[in-house]
Amino acid sequence: MSATRVLFIGGTGIISSAASALAAQRGMKVTLLNRGRSRRAPAEGVEVLTADIADAAAVDAALAGREFDVVADMIAFTPEQVQRDIDRFEGRTGQYVFISSASAYQKPVARLPITESTPLRNPHWQYSRDKIACEDLLSAAYRDRGFPVTVLRPSHTYDKWTIPAFGGWTAIDRLRRGEEIIVHGDGTSLWTLTHSRDFAVGFVGLLGNPLAYGDTFQITSDFVYTWNEIYSILAHASGVEPRIRYATSAAIERAAPERAGQLTGDMAHSVVFDNTKIRTMVPDFNPTTALHHSAREIIDWHDAHPELQRVDPEMDALHERLLAQA
C-alpha cells in the first residue's frame, strides 16, 4: 500500500509546522508548497516546493501536474482564495482540508460549551466573516458536486515560537521592564489555548479519512484559563510578577482601529469547546500540553533567539495611551 500523499500549501506556520512534521513521522509522503521565506526548517523527510500560491504559472511549474491524496491549504482566508483552490484541485485530490476559525462562531456565544453545531455569525470581525464565506463556498461545492472538503476550526493555537497573549513579545518586554500592561475587560473571561503538538494529532488523524469528507471538526484543547491566569503564567515564566491594568475591549479597539474586531469579535468572549466529535473520529486525540507546562519552553526559546524578541513600537505606544486613560 502506497503512502498517503499530502500537499500543504504553506506548511511552516504554527499549525502546519507541527501537522506536517507529525504526518511525515507517521509515514505520509509530505510536500510543502510555499515561498521559502520562513525561519522554520521543514521536518526531516518533507519535500519543499517553492512557489507563491497566488502565482498560477509558478504553481503549475512547481506541481508539474502532480496529484495528491490530500491538499491542505493553511493560508486561505477569503472566498477568492478558496475558489482558486477548487478550480485548481477539483478532480486532482481525494480530500481538500480548509482551515477555518473558531472565531466564526456566533459572538457573543449563546451557550457553552461550543460545538460544531454552534451557529456561525460574527458581525464584529471581518476575518471571521471571510472564513464563514469560505465555508459557505466549500459547503456548496460539496453539496453540488461532491467536492471532498473537510473543514477544521481551530481556536487559539500556539507553540514555542509564539507568545499566546495580546501584543506578543511586546507584553513580555513590558513586564520585564516593570511596566504595566493593559488587559481587556476585567481579565476574567475564559479562553482556550491549544498547543500545536496537540492540534496536530487531531489534524493528521483526519487526513485521508473518508468519514471526514463533507464534515466539520473543531480541534481545540480542554485547557481553559482566564486572561489574568494567562498573563500571570507568562509573567512568572519570564521571571517577574505581572502588573496589570484594565480597559474595555471597545476602548482598546477605538485606540487601535487597525485591530477592530480582534477583541470584540473573539478574545473578549469566553470560549469553552466540546471536543467530543474529534475525539470520536480520532481516538488518540488527547491534548496534554498545558500552558503552565509550556510557558517556560516558550520564554526559554525566545531568550535563546533574540531575533524573535520583536517589540512592536505601536503596540507599546498603545499600552501607554490606554494607561494614561485608565
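Residues numbered from 1 in each chain as written. Predicted model: local features only at pLDDT ≥ 70, side-chain atom pairs only at ≥ 80, totals over all residues. Heavy atoms only, no water.

Participant: For this particular structure, what's the right way to read the overall build of the protein chain?
Facilitator: For the protein chain, the helix and strand inventory stands at twelve helices and twelve strands. Relative to the compact-globule value of 20 Å for 326 residues, the protein chain shows a C-alpha radius of gyration of 20 Å, a close match. The principal-axis extent of the C-alpha atoms belonging to the protein chain is close to 60 × 45 × 40 Å. Burial analysis of the protein chain (326 residues in total) assigns 52% to the buried set. When contacts within the protein chain are restricted to residue pairs at least 6 apart in sequence, long-range pairs at least 24 apart make up 77% of them. Accessible surface, the protein chain: about 13,900 Å² in total, of which carbon and sulfur atoms supply 51%. Between the mean site of the 33 positive side-chain charges and the mean site of the 40 negative ones, the protein chain shows a separation of 1 Å. (Helix = DSSP H or I, 4+ residues; strand = E, 2+ residues; numbered from the N terminus. Rg over C-alpha atoms; globule rule 2.2 N^0.38 Å. Buried < 20%, exposed > 50% of the residue type's maximum accessible area, 1.4 Å probe, protein only. Contact = heavy atoms within 4.5 Å. Areas by Shrake-Rupley, 256 points an atom, 1.4 Å probe, with all protein chains shown as cover. Lys, Arg positive; Asp, Glu negative; His and termini not counted. Charge placed at Lys NZ, Arg CZ, Asp CG, Glu CD.)

Participant: Honestly, the sheet that holds strand 5 (residues 93-99) in this entry has me stumped. Any pointers?
Facilitator: In sheet architecture, strand pairing relies on hydrogen bonds along the backbone and comes in two forms, parallel and antiparallel. Spatially, 3-2-1-4-5-6-10 is the arrangement adopted by the seven strands of the open sheet, whose pairing is parallel. The outermost strands of the open sheet, each flanked by one partner alone, are strand 3 (47-50) and strand 10 (215-219). Each strand axis lies, on average, 20° off the axis of its neighbour in the sheet, ignoring direction. The pairing of strand 2 (residues 29-34) with strand 3 spans four bridges and is classified as parallel. (Pairing = 2+ DSSP bridges. Axes fitted to C-alpha atoms, helices over the stretch in contact; angles between N-to-C directions.)

Participant: I keep staring at the packing of aromatic side chains and nothing clicks. Help me out?
Facilitator: One pair of aromatic rings is described through two measures. These are the centre distance and the angle between the planes. Applying the stated criterion across every chain yields a total of eight aromatic pairs. With a centroid separation of 5.0 Å and 40° between ring planes, the pair formed by Trp 125 and Tyr 127 is classed as tilted. Tyr 127 sits in the partly exposed class, given a relative accessible area of 30%. Positioned over the ring face of Trp 301 is Lys 160, at 3.7 Å from the centre of the ring. The cationic tip of Lys 277 hangs over the ring face of Phe 217; the distance from NZ or CZ to the ring centre is 5.0 Å. (Phe/Tyr/Trp six-rings, centres within 6.5 Å; stacked < 30°, edge-to-face > 60°. Lys NZ or Arg CZ within 6 Å of the ring centre and 35° of its normal.)

Keep in mind these numbers describe shape, not what the thing actually does.
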